[in-house]
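Below, each chain spelled out in residue letters.
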Amino acid sequence: MEGNQLPCQASYMRNALFNQGYLDDQFLQLEDLQDEANPHFVEEVVKLFYSDSARLIRNIELTLENTPSDFEKLDNIMHQYKGSSSSIGAKKVKKECTQFQEYCEVENIDGCLRTFQEVKQEHASLKRKLENYFQLVREAR
Amino acid sequence: MAQNCEFLPCLDSNEVHVLAVDDSLVDRKVIERLLRITSCKVTSVDSGRRALQYLGLHEEEEEEEEGSAIYNEIKVDLIITDYCMPGMTGFELLKKIKGSSAFRETPVVIMSSENVVARIDRCLEEGAKEFIVKPVKLSDVERLKSSMVGQARIQ
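Since the structure is predicted, the reported quantities are computational estimates derived from the model, not experimental observations. (Residues numbered from 1 in each chain as written. Chains lettered and ligands numbered in written order. Predicted model: local features only at pLDDT ≥ 70, side-chain atom pairs only at ≥ 80, totals over all residues. Heavy atoms only, no water.)

### Points about the confidence of the model for chain A
The predicted structure's coordinates, where accompanied by low pLDDT, should not be read in detail.
Here's step 1: Residues with a pLDDT of 70 or more make up 96% of chain A, whose mean pLDDT is 95.
Here's step 2: Looking at the elements of chain A, mean pLDDT is at its lowest for helix α1 (residues 8–19) of chain A, recorded as 94, and at its highest for helix α5 (residues 91–105) of chain A, recorded as 98. (pLDDT = per-residue confidence, 0-100. Helix = DSSP H or I, 4+ residues; strand = E, 2+ residues; numbered from the N terminus.)

Given below as C-alpha cells:
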C-alpha cells in the first residue's frame, strides 16, 4: 500500500513520524520496495531490526558495565547498531548513535553513558510508534 | 570473465547473478530486495570467508590451481560487499577476489556507511568498480544493473 493511499489514521501517523523527525528518506526508500507480491516488506525489515538490534543494545550495556574504558569495542558495536538503524530510516536514533560515537572518540565515559540512555529511549519510542503505525495499516486492509 | 557455458548448464544467461556480502541481517534483507526488484538473482552471505567459500576460493592460497577455474561452476556477474565486517573486511575480500584467476574480472562494489575519501581511493585503486555510501538506494542498484547489462557478456 502506497503511503499516499493510506486511510486517514495511518496516513496521519505516517506524516507525523516524518514531520517530527523520527523517520527520514530511507524509510521512503523501503516503502518504494513494497508491491503486491511483497506488501509487508517495510514491516518485516523493521521487525528484523528490532529483533536483531536487541543483542547489540545488550552488548553495549554489558560493555559499559564490565569494561567501560573499552571505547573501541563500544564504538564497534554502536557502529553496527547505527548502520542498521540508518537502513530503516530511524533518524532520531541515528542522531543519538552519532553522538555516542563522538563521545567514544574523545573517551568521555559520562557522555557515553548519558547518550546511551537517549539511544535506548529513542529506540523504544520509535518501536512503539512503528508498531502502532503498522497496526493501523493492517487494520485498514 | 570466461564462463564455459557450452560445457555447463547455464541458468538464464540474461539474468545478472549478484553475490551480496554483509554481516548485517537488516542490510542483507534490504540489499536482497533491492537486487531482486531490479531482476537480479541474489546469493547473500554474512562474511568474507563465506563469500570465498561460495566462490570456491581459498583464504590462504594466493592463486588456486590453474585447472580448477575451468571446473568452477559458479557464475557470478557482480560482487557487492560491505566494507566493515568482522574477520575479513570488504577490502580484504576485494584483494582476494582480484588476486584470483577465476574472479579477477568480476566487478566488485564496496558499500560503506562511512564516506572517507582515503578509504574510497584505496578501494578503487585495488580494483573496486564502485564505492557506494550506505544506506544503499534503489537508484544505486538500478545504476549498477544497467552498467552490468551494458557490458559485453559471453552468451
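### Observations regarding the UniProt feature "modified residue: 4-aspartylphosphate" (unreviewed entry) in chain B
Residues and elements named next belong to chain B.
Here's step 1: Taken from the UniProt record, the annotation "modified residue: 4-aspartylphosphate" (unreviewed entry) applies to D82.
Here's step 2: Following the sequence through the fold, D82 ends up in strand β3 (residues 78–82).
Here's step 3: Not counting residues within four places of it along the chain, the set of residues in contact with D82 comprises V21, D22, D23, G90, M111, S112 and K134. (UniProt positions renumbered as here; feature names shortened; annotations may be inferred. Contact = heavy atoms within 4.5 Å.)

### A word on the UniProt feature "domain: HPt" (unreviewed entry) in chain A
Here's step 1: Annotation from UniProt places "domain: HPt" (unreviewed entry) at residues 38–141 of chain A.
Here's step 2: What you have in residues 38–141 of chain A is 87% helix and 0% strand, and the ends, taken at the C-alpha atoms, are 14 Å apart.

### Quick look at the interface of chain B and chain A
Here's step 1: Taken together, the contact between chain B and chain A spans 17 residues of the former and 20 residues of the latter.
Here's step 2: Carbon and sulfur atoms make up 64% of the area that chain B and chain A hide from each other, which totals about 1,600 Å².
Here's step 3: Three residues stand out in chain B for area buried against chain A, namely V26, K29 and R33 of chain B, and they jointly supply 39% of the buried area on that side.
Here's step 4: Put simply, chain B and chain A have two salt bridges between them.
Here's step 5: Between R33 of chain B and D35 of chain A there is a salt bridge, and its shortest N-O distance comes to 3.1 Å.
Here's step 6: If you look at where chain B meets chain A, you find five residue pairs in polar contact (both at pLDDT 80 or more). (Buried area = accessible area lost by both parts, 1.4 Å probe. Salt bridge = Lys/Arg side-chain N within 4 Å of Asp/Glu carboxyl O. Polar contact = N/O pair within 3.5 Å; in protein donor to acceptor, adjacent residues only side chain to side chain.)

### Quick notes on the UniProt feature "modified residue: Phosphohistidine" (unreviewed entry) in chain A
Here's step 1: The positions UniProt marks with the feature "modified residue: Phosphohistidine" (unreviewed entry) are H79 of chain A.
Here's step 2: Here H79 of chain A is to be found in helix α4 (residues 71–87).
Here's step 3: Setting aside chain neighbours within four positions, we find H79 of chain A in contact with Q101 of chain A together with C84, S113 and E114 of chain B.

### Some remarks on the environment of I80 of chain B
Residues and elements named next belong to chain B.
Here's step 1: Considering the arrangement of structural elements, one finds I80 in strand β3.
Here's step 2: A relative accessible area of 1% places I80 in the buried class.
Here's step 3: Ignoring sequence-local partners within four residues, the contact set of I80 consists of V18, L19, A20, V21, I31, L35, V109, M111 and L144. (Buried < 20%, exposed > 50% of the residue type's maximum accessible area, 1.4 Å probe, protein only.)

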